[in-house]
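Structural overview for review
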Amino acid sequence: MTSQNAAAKKKTAARRVRAPRMDSGERKRMIVEKAIEYFAKNGFEGSTRDLAREIGVAQSLVYRYFPKKELLLDQVYEEVYLARWNPLWESDLRNRDVPFEARLKKYYLDYAQNVLRNDWVRILIFAGLKQEGINDRLFKLLHDSIFTTVITEFHHAFPSPTSIDRDKDKRELELELVWSLHASIFYISMRKWVYKTKIPSKINSVIEVLVEGFIESLKHLNRGGVPLDQAAKSHADLPKRNSFKLASQLARS
């Protein structure tokens, strides 16, 4: 072997990532953590071989812990989404000793701060493009635990003639308004972690204004049986009103 070949081989070996010695539980957790980083960066197109290469282990080792890719994705879902899910969110939203607006603001401020991070946002986007099922599970959790709770608590805080016998179309529109609020806050993080564009410096102020606008939309929708087309038109104009209100608040801050 020539000295040049030996030097090249030594250089290649130096670049190779080697996983540290660890027990079975630690190694499994390391694989999951590296998989989260890998999927957040590259999406779900890569193979387990690519993942193993990045971790610095043999592909067979990944298969030992996760014989199917779906099992690894389930573990990623557990770590990225369920582990960050605060079980107190729903109970706090139902705490009627606190004004409804304050409850909703507290929830979304905490949700944005503790959940909407780089891996959370990017994995959700990649999973949606590949239809990996992560989205369906998360959206069902949000719908069942948060969205329906928000609507129920709104009608308790702001009773109206239509709050008891609401028709199907109005219930659907109410839930769509919750989706819109949630999506507006999520989009701020999407701009940061996906589009890499500038986001507001005072995100908490933005979230509070969005919550206030959402409550006003629901009030308008349920005020004396407002026709759906008028309610929809009012909601379409809401961003303009919110923008003016936000600009005024930030100017005073």
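Residues numbered from 1 in each chain as written. Predicted model: local features only at pLDDT ≥ 70, side-chain atom pairs only at ≥ 80, totals over all residues. Heavy atoms only, no water.

Scanning the protein chain from terminus to terminus reveals 12 helices and 0 strands. Along the protein chain, from the amino end to the carboxyl end, the secondary structure elements read α-α-α-α-α-α-α-α-α-α-α-α. Counting the 253 residues in the protein chain, one finds 38% classified as buried. In the protein chain, of all internal contacts separated by at least 6 residues, the share reaching a separation of at least 24 is 74%. Summing over all exposed atoms, the protein chain offers an accessible surface of approximately 14,800 Å²; the carbon and sulfur share of this is 53%. (Helix = DSSP H or I, 4+ residues; strand = E, 2+ residues; numbered from the N terminus. Buried < 20%, exposed > 50% of the residue type's maximum accessible area, 1.4 Å probe, protein only. Contact = heavy atoms within 4.5 Å. Areas by Shrake-Rupley, 256 points an atom, 1.4 Å probe, with all protein chains shown as cover.)

Turning our eyes to something else, we now look at the nonpolar core. Among the nonpolar cores identified, the biggest contains 63 residues, and Leu 104, Tyr 108, Trp 120 and Ile 123 are the most heavily contacted of them. Excluding its chain neighbours within four sequence positions, the residues that come into contact with Trp 120 are Val 80, Tyr 81, Arg 84, Tyr 111, Val 115, Leu 138 and Phe 186. (Core = buried A, V, L, I, M, F, W, Y, C linked by side-chain atoms within 4.5 Å.)

Moving on: the packing of helix H2 (residues 24-42) against helix H5 (residues 69-82). Between H2 and H5, whose axes approach to 10 Å, the crossing angle comes to 85 degrees. Considering the angle they form, H2 stands roughly perpendicular to H5. Judged by residue contacts, Arg 29, Val 32, Ala 35, Ile 36 and Phe 39 of H2 engage Lys 69, Leu 72, Leu 73, Gln 75, Val 76, Glu 79 and Val 80 from H5. (Axes fitted to C-alpha atoms, helices over the stretch in contact; angles between N-to-C directions. Parallel < 35°, antiparallel > 145°, perpendicular 65-115°, else oblique.)

The subject of this paragraph is the environment of Ser 180. Along the chain, the position of Ser 180 falls in helix H10 (residues 168-193). As a C-alpha pair, Ser 180 and Leu 210 span 30 residues in sequence and 9.7 Å in three-dimensional space.

As for its placement among the helices and strands, Asn 135 is situated in helix H9 (residues 134-157). Asn 135 gets classed as buried once you look at its relative accessible area, which sits at 13%. Within the structure, Asn 135 has its side chain in polar contact with the backbone oxygen of Leu 124 (distance 3.1 Å). Contacts of Asn 135, omitting those with residues within four sequence positions, involve Leu 124, Ala 127 and Gly 128. (Polar contact = N/O pair within 3.5 Å; in protein donor to acceptor, adjacent residues only side chain to side chain.)

Take the environment of Val 121 next. Along the chain, Val 121 turns up in helix H8 (residues 118-130). Exposure remark for Val 121: the relative accessible area of 0% places this residue in the buried category. As a C-alpha pair, Val 121 and Val 194 span 73 residues in sequence and 7.9 Å in three-dimensional space. In contact with Val 121, other than residues within four places in its own chain, are Leu 116, Phe 186, Ser 189, Met 190, Trp 193 and Val 194.

So, about the packing of aromatic side chains. Centre distance and the angle of the planes are the two values used to describe a pair of aromatic rings. Inspection of the entire model under this criterion finds 18 aromatic pairs. Residues Tyr 107 and Tyr 108 carry aromatic rings whose centres are separated by 4.6 Å and whose planes lie at 65 degrees to one another, so their mutual orientation is edge-to-face. Judged by its relative accessible area of 2%, Tyr 107 falls in the buried class. Given a relative accessible area of 0%, Tyr 108 falls into the buried group. The residue whose ring lies beneath Arg 137 is Tyr 77, and the NZ or CZ to ring-centre distance is 4.4 Å. (Phe/Tyr/Trp six-rings, centres within 6.5 Å; stacked < 30°, edge-to-face > 60°. Lys NZ or Arg CZ within 6 Å of the ring centre and 35° of its normal.)

This part takes up a negative patch on the surface. A cluster of acidic residues, Asp 167, Asp 169, Glu 172 and Glu 176, forms a negative patch at the surface. Within the secondary structure, Asp 167 sits in the loop between H9 and H10. (Patch = residues over 30% accessible without salt bridge, like charges linked within 9 Å, V, L, I, M, F, W, Y side chains within 5 Å. Salt bridge = Lys/Arg side-chain N within 4 Å of Asp/Glu carboxyl O. Lys, Arg positive; Asp, Glu negative; His and termini not counted. Charge placed at Lys NZ, Arg CZ, Asp CG, Glu CD.)

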